[in-house]
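Results of the structural survey
Listed here are the chains, written in short residue letters.
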Amino acid sequence: MNVLVINSGSSSFKYQLIDMNTEASLCSGLVERIGETQGKLTHKVMPGTAEEKKFTVEQPFPDHVAGMKTVVDILTDPERGVIKDKSEIHAIGHRVVQGGETFSKSVVVDSVVRAAIHDNIPLAPLHNPANLSGIEVAQELFPGVPSVAVFDTEFHQTMPAKAYLYPLPTSLYKELKIRRYGFHGTSHRFVTKQAAKFLGKKADEVNLVTCHLGNGCSMAAVKNGQCIDTSMGMTPLAGLMMGTRCGDIDPAILPFLAENKGLTIKEIDAILNKESGLKGVCGMNDMRDIHTARLEKGDDKAQLAFEMFCYRIKQYIGAYIATVGPIDAVVFTAGVGENDEYMRAEVCKDMEHLGIEIDLEENNTRRGVARSISKGGKVQVLIIPTNEELEIAQATVDVLKG
Ligand code: AMP
């Protein structure tokens, strides 16, 4: 069974075609600058393998339908294509950012589901409309092929009220659904299942702290395979320090900024989302540049940004161990989590009292597969490459099989 995974943004979309019999990715790509005078399509056949072939197409894509039509042409091209015709796409899995309280599981998309995704637009005004347009394009171009919506928020819907409610007037929750939802749920769920497999436990028996550390960062407290708390909130701005997002700050800073700098809410929002985090502290948001700056150029700001980033993660690990109880493992995943040995060493330093101790040599080795870097402490420290597309495809298959 071939599943086409679509992650649709406002002016771009990513896609990946996965053969679910082997779980191999047949091809993946990105269509960007939709609606601009010149668009770009980057396509990879057999991505991530030794046989990977990459090519680009530069042409205008007036809308998502035009972009998707070109993708279909490439997928079915007699020379470069990976399928003969559209009928070899058996299902489509869509990433949808915000499922609100409506969706605690992935679902087959019908008109009721589309309307509910639409109803959740106020909670994700940038993402849900784009996700919906991806669904509409797929339904137009692949009539009769089932579409499944897989929500970033669904894994976190098991949080108890004491974790997801904010200490605000209850009326605001009732009226506007202001609460913690959490994001990156597909990644947290994927690494939870992989960690259980690695540890030889059942998925509903594993206790973990999962750290998804990429440009966006979030952590989850996982008890018996279920999320009981997570660091992102009503929006992805909360929690850890990120590439350009501030994470948790004193909320009184917002009115203070408005009063003392005369900034509008929009301007403050832009500072918190785009000019803060690592970038705000040291001017760089890619951890590789930060390491070069602090280690090779003695850049104090880069050093401070790195220490602040790690300090928050350490704090959340402590908090989540207190929340979950004895854990089997701390899991690192995503761009920084999987690749940054400096970050892992700093976060896990002086954590023996919590049963966390890593083997520095193993930590410094790159392998690209799920593995442990523990040095015999009670708690395993795992690096697990995330694969959100595969998780979406798997959820799609599971939903369709009922
Ligand atoms: P993601 O959002 O998961 O794609 O992660 C992207 C981030 O991973 C980039 O912004 C980098 O900061 C980080 N990253 C990728 N490779 C490395 C590396 N070798 N060392 C440290 N950070 C890395």
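In what follows, the accompanying structure is described.

Calculation criteria
- Residues numbered from 1 in each chain as written.
- Predicted model: local features only at pLDDT ≥ 70, side-chain atom pairs only at ≥ 80, totals over all residues.
- Heavy atoms only, no water.
- 1 Å grid on protein atoms, 1.4 Å probe; cavity = no way out; pocket = protein on both sides within 12 Å on 5 of 7 lines; lining within 4 Å.
- Points joined across faces, edges and corners; volume = space filled by probe spheres on them.
- Helix = DSSP H or I, 4+ residues; strand = E, 2+ residues; numbered from the N terminus.
- Nonpolar A, V, L, I, M, F, W, Y, C, P; charged D, E, K, R; others polar.
- Buried < 20%, exposed > 50% of the residue type's maximum accessible area, 1.4 Å probe, protein only.
- Pairing = 2+ DSSP bridges.
- Salt bridge = Lys/Arg side-chain N within 4 Å of Asp/Glu carboxyl O.

The final tally for this structure, using the stated rule, is one cavity of 30 Å³ or more. What the largest cavity holds in volume is close to 40 Å³. Elements supplying a minimum of two residues to the lining of the largest cavity: strand 1 (2–8), helix 1 (64–75) and helix 3 (128–141). Tallied by class, the residues present in the lining of the largest cavity amount to four nonpolar, three polar and no charged.

This next bit is on the pairing of strand 9 (residues 208–213). Most of strand 9 is tucked away, with six of its six residues classed as buried. Judged by which residues are buried, strand 9 turns out to be covered on both faces: L208, T210 and H212 on one side and V209, C211 and L213 on the other are all buried. One ladder, built from six bridges, connects strand 9 with strand 10 (residues 217–223); its direction is antiparallel. From the neighbouring strand, C211 faces strand 10, where its bridge partner is M219. Note: strand 9 against strand 12 (residues 329–333), five bridges, orientation parallel.

The next subject is the pattern of salt bridges. Enumeration according to the criterion identifies 14 salt bridges in this entry. Two residues, R179 and E101, come together in a salt bridge whose shortest N-O distance is 2.8 Å. Within this pair, whereas R179 is found in the loop between helix 5 (170–176) and helix 6 (185–199), its partner E101 is found in the loop between strand 6 (91–96) and strand 7 (107–108), the two being separated by 78 residues in sequence. Measuring nitrogen to oxygen at the nearest pair gives 2.8 Å for the salt bridge that ties E362 to R371. Put simply, E154, R189, K193 and E391 are held in one network by salt bridges that share partners.

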